[in-house]
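Take a look at the letters that make up each chain.
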Amino acid sequence: MKREESFDLHVTVPMAIDAIVHAFATVRGCSFHRVEANGVVRGSTSFNLATYGEALTGWAVPLGATTSRVTIVAEDSMPLQLFDWGRKRKMLEKLRLAVCDRAASAATAHPEVPPPPFIR
């Protein structure tokens, strides 16, 4: 069983990929594995009493100069699993929120500039 979620962000593709990596690394129950050369982010969820775990895949494609479409896919690690009890939907919702939060904080972050000179 596979579940997919796509959404748009107002950030560049590298910033969106960074947000996906951050989400995979920080959301409880998820783990980040690698970023492939083509920009696909790989991760997984752990084995528990409800599931055998899921393989997570995420990527971003440009829609414009500063807009990206992010897609996150959760797929069962064990092909014989029949039910996920809504676990994938909940996990994708947590990942979407984490990606959006990270992208929003990255988009509003100001570049590092030196402080103004001290005037007496």
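**Q** A description of the overall build of the protein chain should follow, citing residues and the corresponding values.
**A** When helices and strands are counted, the protein chain shows two helices and five strands. Starting at the N terminus and walking to the C terminus, you meet the elements of the protein chain as β-α-β-β-β-β-α. In the protein chain, which comprises 120 residues, the share counted as buried stands at 38%. Considering only intrachain contacts with a sequence separation of at least 6, the fraction spanning at least 24 residues in the protein chain is 55%. As displayed, the protein chain has an accessible area near 7700 Å², and 60% of this comes from carbon and sulfur atoms.

**Q** Requested: an account of helix α1 (residues 13-26), with residues and values cited.
**A** When the terminal C-alpha atoms of α1 are compared, their 20 Å separation across 14 residues agrees well with the 20 Å that a helix rising 1.5 Å per residue should span. Buried within α1 we find V13, A16, I17, A19, I20, V21, A23 and F24.

**Q** Talk me through the pattern of salt bridges; I want residue IDs and the actual numbers.
**A** For the coordinates displayed, the defined rule picks out six salt bridges. Residue D8 pairs with R69 through a salt bridge whose shortest N-O separation is 2.9 Å. Placement of D8 in strand β1 (residues 2-9) and of R69 in strand β5 (residues 68-76) is noted, with a sequence separation of 61 residues between them. The class for D8 is partly exposed, based on a relative accessible area of 41%. The exposure class assigned to R69 is partly exposed, which follows from its relative accessible area of 34%. The partner of R42 in a salt bridge is E36, with the nearest N and O atoms 2.9 Å apart.

**Q** Please set out the nonpolar core residue by residue, giving values where relevant.
**A** With 25 residues, the main nonpolar core has L9, F24, V70, I72, L95 and V99 as its most contacted residues. For this core, the elements supplying multiple residues, two or more each, are β1, α1, β4 (54-62), β5 and α2 (87-108). Among the elements that take part in this core, α1 stands out by supplying eight residues, more than any other.

**Q** How would you explain the pairing of β5 if you had to name every residue and give the values?
**A** Summarising burial for β5: seven of the nine residues are buried, a large majority. Bridging between β1 and β5 involves eight bridges; their strand directions are antiparallel. In the strand pairing of β5, L9 is matched with S68. Of the pairings in the sheet, the one linking β4 to β5 comprises nine bridges and is antiparallel in character. What sits directly across from A60, in β5, is V70.

Rules used in this analysis
- Residues numbered from 1 in each chain as written.
- Predicted model: local features only at pLDDT ≥ 70, side-chain atom pairs only at ≥ 80, totals over all residues.
- Heavy atoms only, no water.
- Helix = DSSP H or I, 4+ residues; strand = E, 2+ residues; numbered from the N terminus.
- Buried < 20%, exposed > 50% of the residue type's maximum accessible area, 1.4 Å probe, protein only.
- Contact = heavy atoms within 4.5 Å.
- Areas by Shrake-Rupley, 256 points an atom, 1.4 Å probe, with all protein chains shown as cover.
- Expected span 1.5 Å × (residues − 1).
- Salt bridge = Lys/Arg side-chain N within 4 Å of Asp/Glu carboxyl O.
- Core = buried A, V, L, I, M, F, W, Y, C linked by side-chain atoms within 4.5 Å.
- Pairing = 2+ DSSP bridges.

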